[in-house]
Structure formats: structure tokens, C-alpha cells
Amino acid sequence: MKVLVTVKEVAEVADDFEIEGTEVGERYLEYDLNEWDDYAVEEAVQLKEDGPAEEVVAVTIGPERAEETIRMALAKGADRAVRIWDDVLEEPDLLDVETKTNLLAAVVEEEEPDLVLTGVQSGDDNFGATGVSLADEIGFQWAAVVNALDYDHDEGVAHVHRELEGGVEELTDVELPAVLTIQTGINEPRYASLRGIRQAQSKEIAPKSLADLGLDAGAIESELDLTSMYEPESESDATIFEGDASETAAQLAEVLREKGVAE
Amino acid sequence: MSSDVLAVAEHRRGVLRDVSYELISAGELLADATGGDLHVAIIGGDTEAFADDLNRKGVDYVHTVSEGEEFNHDVHVQAVEALHAEIDPEALVMANSVNGLDYAPAVANSLDLPLVTDAVGLEYDGDLTVTREMYGSKVETTVEVSGDQYAVTFRGGEWPAAEGVGDAEIGEFDVDIDTDTGSSVTGFEEVGGGDVDISEADFIVSIGRGIEEEDNLPLIEDLVEATDATLASSRPIVDSGWLPKNRQVGQSGKVVTPDVYLAIGISGAVQHVAGMKGSDTIIAINTDPNAPIFDIADYGIVGDLFDVVPELIEEFS
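Residues numbered from 1 in each chain as written. Chains lettered and ligands numbered in written order. Predicted model: local features only at pLDDT ≥ 70, side-chain atom pairs only at ≥ 80, totals over all residues. Heavy atoms only, no water.

Student: What is the right way to look at the pattern of salt bridges in this model?
Tutor: Close approach of charged atoms lets side chains of opposite charge pair. Evaluated as defined, the whole model comprises 32 salt bridges over all chains. With its nearest N and O atoms 2.7 Å apart, the salt bridge here joins D53 of chain B to R56 of chain B. Using a relative accessible area of 31% as the deciding quantity, one classes D53 of chain B as partly exposed. We classify R56 of chain B as buried; its relative accessible area is 17%. Three or more residues joined by partner-sharing salt bridges are found here, namely K2, E55, R80 and E111 of chain A. (Salt bridge = Lys/Arg side-chain N within 4 Å of Asp/Glu carboxyl O. Buried < 20%, exposed > 50% of the residue type's maximum accessible area, 1.4 Å probe, protein only.)

This is the structure in C-alpha cells:
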């Protein structure tokens with residue numbers, strides 16, 4: 001079985017930041033592997049270590065800078081990586097679900113995986129839709145928001161738990177080939193070992209342009225346009241306690257006593 | 001194409017979920033703007049009873065598809081596609097829920113509709129503009145949709161629940177559904193049971209990412225002991241395995257409504273807030289004065305929990 005795992009480099013925004021146009025200023029951003037994808041990578045690598053998967057391929061959509069992040073996936077055990085990028089992808093402020101679906105579908109066509117793992121969502125634009133959209137595009141079965149995965153190799157079925165709201169899980173059987181979107185908490189993502197980091201240096205990261213994937217600019221045409229970005233107005237009417245730690249703690253303690261919950 | 005709006009309701013284990021009524025409110029606003037009718041679809045479950053309940057003010061049609069008891073994404077995809085072909089609506093609106101995100105992206109891709117998820121606001125002036133958040137609620141954005149037809153998923157809790165009784169036309173929508181599709185729901189499981197039920201607590205001390213390391217947890221446990229509180233947490237603490245699932249407050253965990261909820265090192269992501277906003281008094285300790293938790297807090301300390309909590313323990317020893 002071959003597993004394709006999608007990874008995304010996402011930006012985290014500093015506590016204090018400024019917006020420039022429709023973007024957060026570059027100097028306020030810190031890049032990292034998307035949290036959900038970290039769990040998807042771990043799940044893929046465990047499938048290899050436990051036997052069913054022969055190869056784990058990581059795929060990302062991102063500029064050259066993203067190689068640092070995708071190398072983290074390689075250091076944790078993915079065998080090789082594909083990095084999709086093209087000059088035309090630098091233009092839009094928002095890569096919408098349709099665009100990402102088209103790009104990833106082209107890689108699926110080349111790689112022919114049996115199982116695709118994605119994170120449930122990305123921590124930056126938070127669309128939460130690419131995995132299921134991709135499944136429809138490539139004709140795979142799917143399950144969204146998976147927080148337990150038990151793969152039955154003989155049957156070719158993934159027994160999964162889907163994490164619904166309110167502490168309820170849905171138990172679902174999904175026939176492969178399939179796309180599963182992976183929820184945080186499904187496993188404990190490993191830290192890359194020094195050996196893993198060393199090995200990752202010699203693993204392949206294949207760059208792919210639109211032309212390499214047999215796509216033209218039509219694949220990234222979007223009917224969505226990010227027209228503004230702003231800091232939400234604070235709705236806070238909280239009473240903020242002033243003073244040093246001991247003074248603020250004393251005021252807080254007073255409130256707790258007034259409310260009768262602590263003495 | 002019509003200027004109509006098609007909203008897909010959501011149910012689970014015999015009850016309509018609240019977001020269904022909110023979709024009706026949002027859908028009515030949108031239908032008023034487009035000048036079209038509001039259609040509501042209910043797929044599976046006790047469709048007859050659900051349809052009566054969904055016939056609220058502003059709804060013009062309720063379409064029932066009586067197939068299966070529980071949500072199944074293959075059934076939903078086929079039914080919504082067939083309804084979309086019949087009604088040919090300008091707007092297709094769905095819930096930004098776990099199940100919503102299990103079928104909406106497939107429908108949008110299959111029908112070649114632009115998809116905007118997790119909408120928290122909308123404006124319409126001939127074109128739809130959707131407000132949505134990015135970077136964990138640190139910024140809001142507006143996304144303009146230029147397509148004639150589009151799909152949007154709405155975040156729960158952002159629109160009021162539709163009320164009243166409408167005069168909708170209710171009817172079963174006939175559609176052939178292939179149920180042999182390679183995905184089947186085999187059951188449900190309740191999680192988060194165990195030694196304590198945090199939803200019963202009067203005073204909750206809840207801890208988030210700000211605690212940084214598992215080794216720092218005893219500090220909070222000392223506070224819990226000194227104040228006789230109940231310990232809870234946000235999701236990352238449970239994901240890391242530092243506390244069991246039955247301590248998790250939020251959308252996928254427990255909903256709590258204590259007299260006092262003391263949030264320590266919790267930024268206040270929307271999924272967390274969904275589980276604790278009904279608390280009588282909310283108090284937050286956080287280093288980031290812009291953290292969204294302060295938007296719903298009654299009292300706050302902008303400061304480092306590692307400075308404040310030891311002082312607070314001192315107050316009660």
C-alpha cells in the first residue's frame with residue numbers, strides 16, 4: 001500500500017502584528033508545519049512501521065521556503081516528497097479549495113496512492129475542505145475528522161472513528177482507496193530524531209510546476225477573492241485587574257469569594 | 001438558474017441540531033437579498049416530524065428525502081446534488097459542522113461551485129461577500145464570490161435560531177439513491193466518561209496551551225486543591241495526553257455552565273468558547289491582551305500565569 005500525506009507550511013501570527021493590504025506583515029509571521037498535518041504524517045509513518053504501507057510520500061503546495069517544513073515530514077519518516085509550485089501561484093492572496101484540489105489531484109494521478117491522509121484543516125486559512133473535495137475529484141471514498149484509524153489489510157477497509165461534536169464519535173468503515181482527514185489527538189506525533197534529520201537531507205523533494213503536472217493556468221482560476229483583512233473589533237467589556245501579580249491575584253481572589261465559589 | 005437559496009438541515013440520533021434553525025435565519029437573510037425563495041432540505045431520520053419543525057418563519061419549501069436513519073455522506077451528496085439540479089439555486093448553504101464538512105466539499109466540487117467555509121457574516125449587493133476568520137480568530141477577512149452559483153458553510157452560533165411557524169410547502173423529494181458506495185456507519189460511541197463529570201461543577205479552573213509543559217500541571221492542580229475547584233482544559237492539553245478526554249471543554253468535548261469559569265492560558269478559540277460561553281462568570285488569565293478569550297470574559301488579568309497562579313494559591317492557603 002502506498003500512502004500519500006498532504007502537508008502544508010502555515011504561518012503563525014505574533015501577538016502584536018500589523019496588516020499590510022490583505023496580508024499580515026511578513027515580519028510578524030513564523031512558519032511551521034500545520035498542526036493537523038503533523039498528526040497525519042505520524043499516522044502515515046505508523047502505517048509503514050506497522051507493515052501495511054510500503055511507501056509514504058509527502059506532498060505540499062508551497063514556495064521554496066516550504067522545503068524546510070516538508071523536510072520535517074521526511075525527518076519523521078516519510079520516504080520522499082513532492083513540492084508543487086509555480087510563479088502563477090504567487091499572485092492570489094487565497095488559494096481556494098478548488099485550486100488545491102486540482103493541484104493535488106494531478107499528483108494523485110501520478111503517484112496512484114491507495115490512501116491519502118490530510119489534516120482536518122490548516123491553522124491559517126482554516127477552510128477544512130480540501131481533503132473531502134479531493135476525494136470527490138479523484139473518485140476515492142473518504143471520511144472527515146478521523147480520530148482513530150484501524151486498517152484491515154486483508155479486507156482493504158479502514159475502520160475509523162469520526163469525532164463529532166459533543167463527545168460523540170461515529171464508527172465508520174471506509175473502503176480503500178480513500179482520503180481520510182486526520183484530527184489532532186489521533187496519535188502522539190514524534191519529534192524528528194537526529195538520525196532522521198540527517199537522513200532527510202538526502203531524501204528527494206521533487207519540484208513540480210503546473211506544466212509538469214499537465215495543468216495550465218485554468219487549474220488555478222478562482223471565483224473567490226480575498227478583498228480585505230482587518231483586526232476584529234474587540235468586543236471585550238471585561239474588567240481588567242491592574243497591578244503586579246500579587247495585586248491582580250488579590251483582586252481575582254476577591255471576586256471568587258464574592259461569587260461564593262472559593263473561600 | 002433561480003435566485004433561490006437551498007439550505008440543508010442537520011440531524012443526529014433523532015433530533016435536529018441547533019445549527020439547522022440558524023441556517024434558516026441566515027438563509028432567510030440571503031433569500032431576502034437575492035429575491036428568491038428559501039428551500040430547506042432534510043435528508044434521513046424522521047423526516048416527517050423534522051419537516052414540521054423546520055417549517056419556521058421565512059421558509060417557503062421543505063423537501064424531505066427519506067433515506068436512512070443517520071447521516072451518511074454518500075446519501076447526502078446524491079440527494080443534495082439532485083435537489084440542486086431541480087431547484088437550480090443561486091446559493092447552497094450548509095452547516096460548518098463535522099458532518100457538514102464531510103459532504104459539502106464533495107458536493108461543491110462535483111457541482112463545480114465555489115466553496116466558502118466557516119462563514120461568520122455575509123453581505124449581499126448582487127454579489128455575495130462572506131466574512132470569515134483566519135489565524136485562529138486573530139484577523140477577519142472578507143471573501144467576495146464572483147460566481148453566479150456558490151456554496152457556503154455557516155459557523156454554528158453566529159446567527160439566531162429561526163422561530164415561529166411558517167407556511168412552507170412540505171413535500172417528499174423523489175430521488176434514486178445508490179447506497180452501495182463503500183462507506184458505512186456502524187455505530188456511535190460516547191467518549192469522555194469516567195471519574196468526573198465537569199458539566200456538573202460550580203467552579204472550574206481550566207488550563208490551556210499556556211501551561212507549556214506537562215511538568216507544569218502540578219501548579220494548576222495546587223490551585224484546584226486550594227480553591228476546591230474542578231479541573232478542566234482546552235483541547236491541546238487532552239490531545240497531548242496530559243489530561244483525560246473527560247476534562248475537555250469545547251465543541252468536541254463537554255459543554256459546561258459553572259458559576260465561575262477561570263480560564264488560564266487559554267486563548268479562546270471558537271471551538272473552546274462553544275463549550276463554556278454559558279458560564280455565569282468568566283475570568284481569564286492570559287499574556288496576550290488581544291486573545292479572544294477577553295472578548296467573552298467578565299474579569300481578566302493580562303499577565304503570566306506562572307507569576308499570577310502562585311500568588312492566587314497563596315490567597316487561598
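Student: What is the right way to read the layout of surface pockets from this model?
Tutor: One water molecule sets the probe size; rolling that probe over the atoms shows where empty space is left. Residues and elements named next belong to chain A. Size it by volume and the second largest pocket reaches roughly 1100 Å³. Lining the second largest pocket we find 47 residues, and of these K8, E9, L95, D124 and D125 sit closest to its centre. Tallied by class, residues from the lining of the second largest pocket come to 24 nonpolar, 12 polar and 11 charged. (1 Å grid on protein atoms, 1.4 Å probe; cavity = no way out; pocket = protein on both sides within 12 Å on 5 of 7 lines; lining within 4 Å. Points joined across faces, edges and corners; volume = space filled by probe spheres on them. Nonpolar A, V, L, I, M, F, W, Y, C, P; charged D, E, K, R; others polar.)

Student: Is there a simple way to explain the packing of aromatic side chains in this structure?
Tutor: The geometry of an aromatic ring pair comes down to the distance between the two centres and the angle between the two planes. Under the criterion given, the structure shown has 3 aromatic pairs over all chains. Note on F241 of chain A and Y299 of chain B: the rings are 5.6 Å apart at their centroids and 15° apart in plane angle, and the pair reads as stacked. One end of the pair, F241 of chain A, is in the loop between β15 (239-240) and α6 (245-258); the other, Y299 of chain B, is in strand β18 (residues 299-302), on a second chain. Residue class for F241 of chain A comes out buried when judged on its relative accessible area of 8%. The interplanar angle of 50° and the centroid separation of 5.9 Å between the aromatic rings of F71 of chain B and Y103 of chain B together place this pair among those described as tilted. With F71 of chain B in the loop between β5 (61-65) and α3 (73-87) and Y103 of chain B in helix α4 (residues 100-111), this pair connects stretches of sequence that are 32 residues apart. Take F71 of chain B and Y103 of chain B: they sit in the same class, and that class is buried. Residue placement shows R56 of chain B over the ring face of Y21 of chain B; its charged tip is 3.9 Å from the ring centre. The ring of F127 of chain A is capped by R132 of chain B, whose NZ or CZ atom sits 3.8 Å from the centre of that ring. (Phe/Tyr/Trp six-rings, centres within 6.5 Å; stacked < 30°, edge-to-face > 60°. Helix = DSSP H or I, 4+ residues; strand = E, 2+ residues; numbered from the N terminus. Lys NZ or Arg CZ within 6 Å of the ring centre and 35° of its normal.)

Student: Can you walk me through the nonpolar core in this structure?
Tutor: As a rule of thumb, nonpolar side chains are buried together in soluble globular proteins. Formed by 107 residues in total, the largest nonpolar core has its most connected members in V24 and I84 of chain A together with L92 of chain B. With residues up to four places along the chain from it excluded, the contact list for I84 of chain A reads V59, T60, I61, G62, L103, L104, V107, K208 and L213 of chain A. Core analysis: the second largest hydrophobic core is formed by 36 residues, V7, L33, A75 and A158 of chain A among them. (Core = buried A, V, L, I, M, F, W, Y, C linked by side-chain atoms within 4.5 Å. Contact = heavy atoms within 4.5 Å.)

Student: Please clarify how helix α9 (residues 305-315) of chain B should be interpreted in this entry.
Tutor: Residues lying three or four places apart along an α-helix face the same way, a consequence of the helix completing one turn every 3.6 residues. Taken together, the buried positions of α9 of chain B are occupied by L305, V308, V309, L312 and I313 of chain B. The buried residues of α9 of chain B occupy one face: seen down the axis, they fall within an arc of 135°. Buried positions along α9 of chain B lie against α6 of chain A together with α5 (217-227), β16 (260-264), β17 (281-286) and β18 of chain B. Its side-chain oxygen 2.9 Å from the backbone nitrogen of F306 of chain B, D304 of chain B forms the N-cap of α9 of chain B. (Arc of directions from axis to C-beta. Polar contact = N/O pair within 3.5 Å; in protein donor to acceptor, adjacent residues only side chain to side chain.)

Student: Please explain the packing of α6 of chain A against α9 of chain B as it appears in this structure.
Tutor: Geometry of a packed helix pair, given as the angle between the helix axes and the separation of the axes. Relative orientation of the contacting elements α6 of chain A and α9 of chain B amounts to 50°, with a least axis distance of 8 Å. Judged by the angle between their axes, α6 of chain A and α9 of chain B are oblique. The handedness of the crossing between α6 of chain A and α9 of chain B is right-handed. For the pair formed by α6 of chain A and α9 of chain B, the contact residues are A245, S246, T248, A249, A250, L252, A253 and R257 of chain A on the first element and D307, V308, E311, L312 and E315 of chain B on the second. The residue inventory of the contact of α6 of chain A with α9 of chain B, partitioned by class, reads 7 nonpolar, 2 polar and 4 charged. (Axes fitted to C-alpha atoms, helices over the stretch in contact; angles between N-to-C directions. Parallel < 35°, antiparallel > 145°, perpendicular 65-115°, else oblique. Left-handed = near helix turned anticlockwise from the far one by under 90°.)

Student: In this structure, what is going on with the pairing of strand β4 (residues 38-43) of chain B? I would like to understand it.
Tutor: Two faces, one strand: in a regular strand the side chains alternate between the faces of the sheet. Residue and element names in this part refer to chain B. Along β4, 6 of the 6 residues are buried, which leaves the element largely enclosed by surrounding structure. Of the two faces of β4, both are covered, the one formed by L38, V40 and I42 as well as the one formed by H39, A41 and I43. Looking at chain direction, strand β1 (residues 5-8) and β4 are connected through 4 bridges and run parallel. Bridge pairing in β4 links L6 to H39. Pairing geometry for β4 and β5, over 5 bridges, is parallel. Within β5, the residue paired with A41 across the bridge is H63. Once the chain exits β4 it traverses helix α2 (residues 47-54) before rejoining the sheet at β5, and the crossover so formed is right-handed. (Pairing = 2+ DSSP bridges. Right-handed = clockwise from strand over helix to strand, strands pointing away.)

Student: Hey, could you run me through the domain arrangement of chain B in this one?
Tutor: Interfaces are frequently sized by the accessible area removed from exposure as the parts join. Annotation of chain B at the domain level lists domain 1 (5-172) and domain 2 (198-315). Measuring from the centre of the C-alpha atoms in domain 1 of chain B to the corresponding centre in domain 2 of chain B gives 34 Å. (Domains from an automatic or database assignment.)

Student: Which parts of the structure should I look at to understand the interface of chain B and chain A?
Tutor: The partner chain A presents 80 residues to the 83 residues of chain B that form the contact. At the junction of chain B and chain A, the tally comes to 8 salt bridges. Note that K138 of chain B is salt-bridged to D15 of chain A, the shortest N-O span being 3.6 Å. Between chain B and chain A we count 42 residue pairs in polar contact (both at pLDDT 80 or more) in total. When residues in the side of chain B that touches chain A are grouped by element, the largest group, 8 residues, is from strand β13 (residues 183-190) of chain B. Sheet topology places strand β11 (residues 168-175) of chain A next to β13 of chain B; 7 bridges connect them, and they run antiparallel. Bridge pairing in β13 of chain B places D173 of chain A opposite S184 of chain B.

Student: Whenever I open this one, unusual backbone geometry confuses me. Can you help?
Tutor: When glycine is set aside, most residues are seen to have a negative phi, and most peptide bonds are trans. All names here are of chain A. Residue L176 is joined to P177 through a cis peptide bond whose omega torsion reads 0°. Relative to the helices and strands, P177 resides in the loop between β11 and β12 (178-182). Even without a glycine there, the phi angle at N126 is positive, about 60°. The buried category is assigned to N126, whose relative accessible area is 17%.

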